[in-house]
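# Understanding the architecture of this molecule
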Amino acid sequence: MKKNIFYLLAFIPCVTFAQIGIKAGINFANISKSGDIKNSSKSGFNVGVFLAPASKKVLSSHTELSYSRQGYNYKSASNTGNVNLDYLQFAQFASINISKYFSLLFGAQSAYLLNASVDSTSNGATGSENAMMAFYNKIDYGYAIGAEVHPVLGLIIGARYNVSLAKIYKDVQSGQAPSFTSADAKNNVVQLYVGWRFGKNEKKSSNSNN
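Rules and cut-offs
Residues numbered from 1 in each chain as written. Predicted model: local features only at pLDDT ≥ 70, side-chain atom pairs only at ≥ 80, totals over all residues. Heavy atoms only, no water. Pairing = 2+ DSSP bridges. Helix = DSSP H or I, 4+ residues; strand = E, 2+ residues; numbered from the N terminus. Phe/Tyr/Trp six-rings, centres within 6.5 Å; stacked < 30°, edge-to-face > 60°. Buried < 20%, exposed > 50% of the residue type's maximum accessible area, 1.4 Å probe, protein only. Lys NZ or Arg CZ within 6 Å of the ring centre and 35° of its normal. Salt bridge = Lys/Arg side-chain N within 4 Å of Asp/Glu carboxyl O. pLDDT = per-residue confidence, 0-100. Contact = heavy atoms within 4.5 Å. Polar contact = N/O pair within 3.5 Å; in protein donor to acceptor, adjacent residues only side chain to side chain. Core = buried A, V, L, I, M, F, W, Y, C linked by side-chain atoms within 4.5 Å.

### A short note on the pairing of strand β3 (residues 42–52)
Looking at chain direction, strand β1 (residues 19–32) and β3 are connected through eleven bridges and run antiparallel. When the sheet's bridge partners are listed, Asn-27 is paired in β3 with Gly-44. Pairing analysis gives six bridges linking β3 to strand β4 (residues 59–75), with the strands arranged antiparallel. By the bridge assignment for β4, Val-49 is matched with Leu-65.

As C-alpha cells, then:
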C-alpha cells in the first residue's frame, strides 16, 4: 500500500509539465519459476495513457497508467487450460533519448490485480471469480526495460519486457493448492504497442526557418 501511495504522489507533479498520450498493444505473457507446471505463453492485450515531458535532454521521464491482460497456458496429464490475470499497472520510467526518433526506457512498476479466472478443458471454468481470487496476491511489482521509435509526428512504436519480483500466488497449505499453481511463480510479459503523443514536439529545432 505504501508503495502505491508513493507512486501516486510521484505521478501528480508530472501532470502540469507533461505531454499526454495513449497506447495499446499485444501482450505475450508467461510465468517464471513455474515449478512442476507445464506452462507456455499466452497472448493478451494492454491499453493505457502516459505522461511524458517533451525534452531536448538525453534523460527524461515517462509515467504510465495501463490495463494489462496477462497469465499463462498450462498442461497436465488430465487436462489443459489457461490462467487469465487482469492488472491495473502504474509505471515510472527514465527515458534515454538517443535521438528524436529513438529512445530507451527503464524503470519500476507496480500493479493491482483486478480479476483472476481459470479455464480448463476438463470441466469448463475451474472456479468462480471469488474462489480464484483467494489464491492470488493482489499486489505485484517489478521492473521493465524497453525501446520506442518515434517515426513521425506523435506516433510511437514500442516494445517492452516486464519482469515481476513478487509472487503471483499466496502461500497455501500442501494439498490445498490447485494443480495450475506454483508457490514461486512470477509474471513476465513482453509487450508490443503503438501510441500517440499529443501536443507540441519541443525536440524540433527553433532555427529551422531561415
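### Brief notes about the environment of Ser-76
Tracing the chain through its elements places Ser-76 in the loop between β4 and β5 (80–99). Residues Ser-76 and Asp-36, spaced 40 residues apart in sequence, show a C-alpha to C-alpha distance of 9.5 Å.

### Quick word on the packing of aromatic side chains
Inspection of every chain in the model, using the stated rule, returns three aromatic pairs. With a centroid separation of 4.7 Å and an interplanar angle of 35 degrees, the aromatic rings of Tyr-136 and Tyr-169 are classed as tilted. In this pair, Tyr-136 is assigned in the loop between α3 (129–133) and β8 (139–149) and Tyr-169 in the loop between β9 (155–164) and β10 (186–197), connecting sequence segments 33 residues apart. Overall, the relative accessible area of 0% leaves Tyr-136 in the buried class. By relative accessible area, Tyr-169 is classed as buried at 3%. Directly above the aromatic system of Tyr-193 lies the positively charged group of Lys-23, at a separation of 4.0 Å from the ring centroid.

### Structural notes on the pattern of salt bridges
Applying the stated rule across the entire model yields four salt bridges. A salt bridge links Glu-64 to Lys-23; the nearest nitrogen and oxygen atoms lie 3.2 Å apart. In this pair, Glu-64 is assigned in strand β4 and Lys-23 in strand β1, connecting sequence segments 41 residues apart. Accessibility assignment for this pair places Glu-64 and Lys-23 in one class, buried.

### Concerning the confidence of the model for the protein
Across the protein, pLDDT averages 83, with 78% of residues at or above 70. Scored below 50 in pLDDT, residues 8–16 shows six contacts in the model against residues more than four places distant or in partner chains. Scored below 50 in pLDDT, residues 202–210 makes eight contacts in the model with residues more than four places away or belonging to other chains.

### Observations concerning the pairing of β4
In the sheet, strand β2 (residues 38–40) pairs with β4 via three bridges, with the strands oriented antiparallel. Paired with Lys-38 across the strands is Lys-75, a residue of β4. In this sheet, β5 lies alongside β4 in antiparallel orientation, the contact comprising 17 bridges. The partner of Tyr-67 across the bridge, within β5, is Leu-88.

### Brief notes about the side chain of Gln-70
Within the secondary structure, Gln-70 is located in strand β4. Here Gln-70 falls in the buried class, since its relative accessible area comes to 2%. One polar contact links Gln-70 to Gln-89, side chain to side chain, over a distance of 3.0 Å. Those residues in contact with Gln-70 that lie beyond four places of it in its chain are Asn-27, Ala-29, Lys-42, Val-83, Asn-84, Leu-85, Tyr-87, Gln-89, Asn-187 and Val-189.

### A word on the environment of Asn-46
Within the secondary structure layout, Asn-46 lies in strand β3. Expressed as a C-alpha distance, the spacing of Asn-46 and Gln-70, which sit 24 residues apart in the sequence, is 8.9 Å. When near neighbours in sequence (up to four residues on either side) are disregarded, Asn-46 contacts Lys-23, Ala-24, Gly-25, Ile-26, Asn-27, Tyr-67, Ser-68, Gln-191, Leu-192 and Tyr-193. Within the structure, the side chain of Asn-46 is placed 2.8 Å from the side chain of Asn-27, a separation counted as a polar contact.

### As for the nonpolar core
Across soluble globular proteins, you tend to see nonpolar side chains buried next to one another. If you look at the biggest cluster of nonpolar residues, it comprises 19 residues, and the most contacted ones within it are Tyr-72, Val-83, Leu-85, Tyr-136, Tyr-169 and Phe-180. Elements represented by at least two residues in this core include exactly β4, β5, β6 (102–120) and α3. In terms of residues, this core owes the most to one element, β6, which gives four residues. Sequence-distant contacts of Tyr-72, defined by excluding residues within four places in its chain, comprise Asn-30, Ile-31, Ile-37, Asn-39, Ser-40, Lys-42, Asn-82, Val-83, Tyr-169, Phe-180 and Thr-181. Of all hydrophobic cores here, the second largest spans eight residues; its members include Phe-50, Phe-93, Leu-105 and Tyr-193.

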